[in-house]
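# Descriptive structure summary
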Amino acid sequence: CWPVRVYGMLKQFNENLAEHYFRQFRVEHIAVRPSSVYGPGRLRGNLQYIQDWLKAAALGGAVHIPGGDEMDNWSYVEDVAGALFAGITASRLPERRIFNIGGDYRSRREFGEYLMKILPGAKVTIAPGREVQYRPRQINENIAQHLGFTPQWSLERGVLATVNWYRSNAGL
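Heads up: these notes are all about the structure in this document. (Residues numbered from 1 in each chain as written. Predicted model: local features only at pLDDT ≥ 70, side-chain atom pairs only at ≥ 80, totals over all residues. Heavy atoms only, no water.)

Let us now look at the overall build of the protein chain. Looking only at helices and strands, one finds 6 helices and 7 strands in the protein chain. Tracing the protein chain from N to C terminus, the helices and strands come up as α-β-β-α-β-β-α-β-β-α-β-α-α. Counting across all 172 residues of the protein chain, residues that qualify as buried make up 38%. In the protein chain, 83% of the contacts between residues at least 6 apart in sequence involve partners at least 24 apart. For the protein chain, the exposed surface amounts to about 10000 Å²; the carbon and sulfur share of it is 54%. (Helix = DSSP H or I, 4+ residues; strand = E, 2+ residues; numbered from the N terminus. Buried < 20%, exposed > 50% of the residue type's maximum accessible area, 1.4 Å probe, protein only. Contact = heavy atoms within 4.5 Å. Areas by Shrake-Rupley, 256 points an atom, 1.4 Å probe, with all protein chains shown as cover.)

This part takes up the packing of helix α2 (residues 48–58) against helix α4 (residues 108–118). It is the contact of α2 with α4, at a shortest axis distance of 11 Å, that shows an interaxial angle of 20°. The orientation of α2 relative to α4 falls into the category roughly parallel. You can see that α2 and α4 cross each other, and the crossing is right-handed. Facing Y49, I50, W53, L54 and A57 of α2, the residues of α4 in contact are R108, F111 and L115. Counted by class, the contact of α2 with α4 contains 7 nonpolar, no polar and 1 charged residues. (Axes fitted to C-alpha atoms, helices over the stretch in contact; angles between N-to-C directions. Parallel < 35°, antiparallel > 145°, perpendicular 65-115°, else oblique. Left-handed = near helix turned anticlockwise from the far one by under 90°. Nonpolar A, V, L, I, M, F, W, Y, C, P; charged D, E, K, R; others polar.)

Contact geometry of α2 with helix α6 (residues 155–169) gives a least axis separation of 9 Å together with a crossing angle of 60°. Classified by the angle between their axes, α2 and α6 sit oblique to one another. Note that α2 runs across α6; the crossing there is right-handed. Contacts from Q51, L54, K55 and A58 of α2 reach α6 at V159, T162, V163, Y166 and R167. Here the contact of α2 with α6 is composed, by residue class, of 5 nonpolar, 2 polar and 2 charged.

A separate point is the packing of aromatic side chains. Here the structure, examined in full by the defined rule, presents 8 aromatic pairs. Ring geometry for Y21 versus F25: centroids 5.5 Å apart, planes at 40°, classification tilted. Of the two residues, Y21 and F25 are both situated in helix α1 (residues 6–25); the distance of 4 residues between them amounts to about one turn of the helix. An angle of 80° between the planes, with centres 6.2 Å apart, marks the rings of Y38 and W74 as edge-to-face. Of the two residues, Y38 sits in strand β2 (residues 37–38) while W74 sits in strand β4 (residues 71–76), which places them 36 residues apart along the sequence. (Phe/Tyr/Trp six-rings, centres within 6.5 Å; stacked < 30°, edge-to-face > 60°.)

Put into structure tokens, the structure is as follows:
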């Protein structure tokens, strides 16, 4: 699948450039592609809205989730850290050093419904439909085969941990 936005094209350009330098000059590198990262410590980024939803729900605020039928690869921050650690500590890397870190492939509706389950009375609304035309599932076969890494955090486990973190930091 080819990138459809400039952001994705630039990421792919950087990966190709790194591979060129590896082939020409043996410059070590690893490219990691995390998806929909959330969890304690996430402060900014392309998908900051996930953190905003979690924080608002955890602290009693209103949450509106657009595109409830949208599918995302929910990647808890601990899984992303684990994948990065596996990459930088690997004793041997394959020739192609690009790894997807896909998470729990679930809908935004499931995310919102779980928030309501663990936070009874939460003010969560979920709109139907999709926001983007296509968000593929990130396959983890390459990173599992070459680095021995597989995601450990389900959507439920990660959401619960993040909600508890926000609530604990707020003294709730």
